[in-house]
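Here are the chains, one letter per residue:
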Amino acid sequence: MKFEPATHFVLAHIANLSFRTLAIILLMASSGTMVYLANTFLSHQISNQNAVKIAQVYNVINTARSSLDRAFNESKGASCSDEFVSSLRKVAFIPDGLNEFLFVPSNKVLCGTTLGRLSEAVSLGTRDVRESESGLSFWFNRELSSIGRPGSRGTIIEREGFASVIPFFPASEALQPWIQMELFASNKNGSTYHLAGDKNLVQSNSSTSVVKGWRNNFFHSVSCHSDQVFCVATRFDLKIFLYHNAPVILFAIALLYALTWWAILSLYRLLQIYNSFEARFLRNLSTENIVPYYQPILDIRSGRVIGCEVLARFRDFDGMIVTPDKFIDLVTRAGLTIEFTKLVVDRAYEELSHLIPKDQQFQVNFNVFPRDATNPDILDVFNKFQDDPNTQFSLVVEIVETEELELPKIKKALKIFKTAGIKVYIDDFGTGYSSLENLFSLPFDGTKLDRSFALAPPDSLMGKMFIQVLHLLKASKRPVVVEGIENFSLLAMLQKTGNAHYAQGYAISKPVCASKLEELFVMKFDFERNRDAA
């Protein structure tokens, strides 16, 4: 059994959802996607903003390190001598924003560019960060009056005994009211030091390489440099953002949902088209999905099944078997009549050739679309049966007289099939365009009496005509098949009168799959017992 691929199977079941259910699912998905994209965009923007701020800080740090290397390399004379202090002042005059340099061996200031040589060393205390990845040590937010800068605070950076003072770090540029930012430093012990921006955005022991996420109505983000010394904490206040941007947000949401609703309507229509039976049928029309059913043809004289009529069924994606009344018109409209008939014939050959013994003749009847009856290509449809040199099958095509199959075309069709050794029965005789004139004037090989006669109540006009029509058909001296036999009394009557050769109907068997046909093929029908049972 072969169904549609998994993708088609899923799409087909989605299309079976009600419009309301599908709309709810897609609106929820749209809302979730909108929230996800907004969160991703916000996270990306804040990360970029944090990265810019950290880059600004490290521009200052790298400048300080270069100046300290210059002070080390260009220092002259004994430590803190006039010549030594003079060399420091030359470095301080370089226009890089740093103008206070100190000599601080063992964490004590001995001299500097402002006070020169100190009469008494000034201790800076314990370093807040010792030997960072950049080779610098830091004292953060220290009071600077002891080195000649009363009322000032700043950060002291030290490298190999030389230090520089950064009175301030780059201030945060003007931010939107819903965004707060704090520049802070941390050490290996987990202590944090506020350097610039909004205070208390980060708690002690909270600084890591990257921390992001929502807490309450705030989106928090902490980004640090790889050396884990300088970090930026940012907080996005959702309430303030919504307050300041409510009109724009509401318009954007309304527009998004309008577009989503339009997309839902379009998708639903496309899915309905995709999942329509017509689309499924045409998409999956193949040998694997054609299921032949066989209605036995009973020889009324012997009581044995001598053949069958092949009736096509279609297996849908969910395994349901679909009858021809649902798809025959689709085949005709799509112009696939010959292709469809070939699929049925090929599948029937595969099943029957394994079922019917080689030494047992078996008649197989196929229905042919009227439009194909005069097409020479129709013979190619039966190649599998005819190419078998040891075939046990005799083929019969059943043709219904229609408006498009006029007398000249019927003659042409008979010639085509007879040349190939295929018998032709006129089907549904007694209704539509079939006539006694054509029956007697054309070389049909047999006649199938329309089932409406056998099914008609005995006292109805059709019921009363039934026996007379059989007498007329018997006069043609051609095999007559009576369809629609659904009770044993009628079957016994046909056997007794001898007005018909063969019979089909539910009293004998409904259309069955190949395995059930085998059971009927080997049995002999007991007319008397079945009539008594009825």
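Residue positions are given per chain, counted from 1 along the sequence in the order it is written. At least 70 in pLDDT is required for a residue's local features to be given in this predicted model, at least 80 for side-chain atom pairs to be given and counted, and no such filter applies to totals for whole chains, interfaces and linings, which use all residues. Side-chain descriptors were evaluated using all non-hydrogen atoms of the structure, hydrogens and water having been removed beforehand.

Colleague: It is not clear to me how the overall build of the protein chain should be interpreted in this structure. Could you clarify?
Modeller: Secondary structure elements are taken from DSSP: a helix is a run of H or I of four residues or more, a strand is a run of E of two residues or more, and numbering for both begins at the N terminus. Counting its secondary structure elements, the protein chain contains 15 helices and 20 strands. Here's how the labels work: a residue is buried when its accessible area is under 20% of the maximum for its type, exposed when over 50%, partly exposed in between, all with a 1.4 Å probe on protein chains only. The buried share of the protein chain, taken over its 534 residues, is 45%. Contacts were defined at the residue level, with two residues in contact if any of their heavy atoms lie within 4.5 Å. Relative to all contacts within the protein chain whose residues are 6 or more apart in sequence, the contacts with residues 24 or more apart total 61%. Where accessible areas are quoted, they stem from the Shrake-Rupley method and a 1.4 Å probe; at the residue level, only the protein chains shown are allowed to cover. Approximately 27,200 Å² of the protein chain is accessible, and the part contributed by carbon and sulfur atoms is 56%.

Colleague: Explain the packing of aromatic side chains to me, please; I cannot follow it from the model alone.
Modeller: A ring pair, where both rings are aromatic, is described by two values, the distance of the centres and the angle of the planes. Only Phe, Tyr and Trp rings take part, Trp by its six-membered ring, and two of them pair if their centres are within 6.5 Å. Stacked means planes under 30 degrees apart, edge-to-face means over 60, and tilted covers everything else. Enumeration according to the criterion identifies 21 aromatic pairs in this entry. Pairing F277 with F314 gives two aromatic rings, centres 6.0 Å apart and planes at 80°, and the pair type is edge-to-face. Here the residue F277 occupies a position in helix α5 (residues 277-283), and F314 occupies one in strand β13 (residues 304-315), the gap between them amounting to 37 residues. Take F314: its relative accessible area is 1%, and that puts it in the buried class. Between F281 and F327, the aromatic rings sit 5.2 Å apart at their centres with planes inclined by 15°, giving stacked as the arrangement. Of this pair, F281 sits in helix α5 while F327 sits in the loop between β14 (321-322) and α6 (328-333), and the two are 46 residues apart along the sequence. Each of the two residues, F281 as well as F327, counts as buried. Ring pairing ties together the aromatic residues F277, F281, F314, F327, F340 and F369, which thus form one cluster. Distance and angle both matter: a charge sits over a ring if NZ of Lys or CZ of Arg is within 6 Å of the ring centre and within 35 degrees of the ring normal. We note R235 situated over the ring of F218; from NZ or CZ to the ring centre the distance is 4.6 Å. Just above the ring of Y293 sits the side chain of R313; from NZ or CZ to the centre is 5.2 Å.

Colleague: Would you take a moment to explain the packing of helix α7 (residues 337-355) against helix α14 (residues 514-521) for this structure?
Modeller: Think of two packed helices as two axes; the pair is described by the angle between the axes and how far apart they sit. Only the stretch in contact is used when fitting a helix axis, every axis being a line fitted to C-alpha atoms; angles between N-to-C directions are given from 0 to 180 degrees. Close contact between α7 and α14 brings their axes to 10 Å; oriented N to C, the two are set at 40°. Relative to α14, the element α7 lies oblique. The crossing of α7 and α14 is right-handed. Contacts between α7 and α14 involve E351, L352 and L355 on the former and, on the latter, A514, L517 and E518. Residue polarity is assigned by list, with Asp, Glu, Lys and Arg as charged and Ala, Val, Leu, Ile, Met, Phe, Trp, Tyr, Cys and Pro as nonpolar; anything else, Gly included, falls into the polar class. When the residues that make up the contact of α7 with α14 are grouped by side-chain class, the tally is four nonpolar, no polar and two charged. Each angle is binned into one of four classes, with values under 35 degrees roughly parallel, values over 145 roughly antiparallel, values of 65 to 115 roughly perpendicular, and all other values oblique. Helix crossings are classified by the rotation of the near helix relative to the far one: an anticlockwise turn of less than a right angle makes the crossing left-handed, while a clockwise turn makes it right-handed.

Colleague: Looking at this structure, how should I read the pattern of salt bridges?
Modeller: By convention in these notes, a salt bridge is any Lys or Arg side-chain nitrogen within 4 Å of a carboxyl oxygen on Asp or Glu. Scanning the model with the defined rule gives 18 salt bridges in all. K448 is the partner of E483 in a salt bridge, and the nearest nitrogen-oxygen pair spans 3.3 Å. Remark: K448 occurs in strand β18 (residues 446-449) and E483 occurs in the loop between β19 (480-482) and α13 (488-497); sequence separation between them is 35 residues. A salt bridge links E486 to R451; the nearest nitrogen and oxygen atoms lie 3.6 Å apart. Of this pair, E486 sits in the loop between β19 and α13 while R451 is found in helix α11 (residues 451-455), placing the two residues 35 residues apart along the sequence.

Colleague: How should I be thinking about the sheet that holds strand β2 (residues 108-112) in this particular structure?
Modeller: The pairing of strands in a sheet happens through backbone hydrogen bonds and is either parallel or antiparallel. A pair of strands is treated as paired once DSSP finds two or more bridges between them. Read across the open sheet, the six strands follow the order β3-β2-β1-β6-β5-β4; overall the sheet is antiparallel. At either end of the open sheet lies a strand with only one pairing partner, and these are β3 (116-123) and β4 (137-143). Averaged over all adjacent pairs, the angle separating strand axes in this sheet is 30°, with direction ignored. The pairing of β4 with strand β5 (residues 153-159) spans five bridges and is classified as antiparallel.

Colleague: Would you mind showing me how to read the side chain of S67 here?
Modeller: Mapping S67 onto the fold places it in helix α2 (residues 19-74). By relative accessible area, which is 5% here, S67 ends up buried. Among all residues touching S67, those that are not within four sequence positions of it are V91, D96, L98 and F101.

Colleague: It is not clear to me how the confidence of the model for the protein chain should be interpreted in this structure. Could you clarify?
Modeller: Any segment with low pLDDT has predicted coordinates that should not be analysed in fine detail. How sure the predictor is of each residue is captured by pLDDT, a score from 0 to 100. Confidence in the prediction of the protein chain, expressed as mean pLDDT, is 84, and 90% of residues score 70 or more. When pLDDT is averaged over each helix and strand of the protein chain, the minimum, 53, is found for helix α15 (residues 527-533) and the maximum, 95, for strand β15 (residues 362-367). Throughout residues 204-209 the model reports pLDDT below 50, and contacts reaching past four residues in sequence, or to other chains, amount to 16 contacts.

Colleague: Can you help me understand the side chain of D346 in this one?
Modeller: Looking at the secondary structure, you find D346 in helix α7. Among all residues touching D346, those that are not within four sequence positions of it are V381 and K384.

Colleague: I'm lost on the environment of N189 in this one. Help?
Modeller: Of note, N189 is situated in the loop between β7 (179-186) and β8 (192-197). Assessed through its relative accessible area of 67%, N189 is described here as exposed.

Colleague: When you look at α14 in this model, what are you seeing that I'm missing?
Modeller: Helical geometry: 3.6 residues make up each α-helical turn, so side chains three or four residues apart lie on a common side. Of all the positions in α14, only A514, L517, L520 and F521 are classed as buried. The arc that holds the buried residues of α14, viewed along the axis, is 105°, so those residues lie on one side. Those residues of α14 that are buried lie in contact with β12 (290-299), β13, α7 and β15. What the arc measures is the spread of directions leading from the helix axis to the C-beta atoms.

Colleague: Help me out: how do you make sense of the packing of helix α12 (residues 461-475) against α13 in this one?
Modeller: Orientation of α12 relative to α13, taken along the N-to-C sense of each, is 40°, at an axis distance of 13 Å. Crossing angle aside, the handedness with which α12 passes α13 is right-handed. Together, F466, I467, L470 and K474 of α12 and L490, M493, L494 and T497 of α13 make up the contact between the two elements. Here the contact of α12 with α13 is built from residues that sort into six nonpolar, one polar and one charged.

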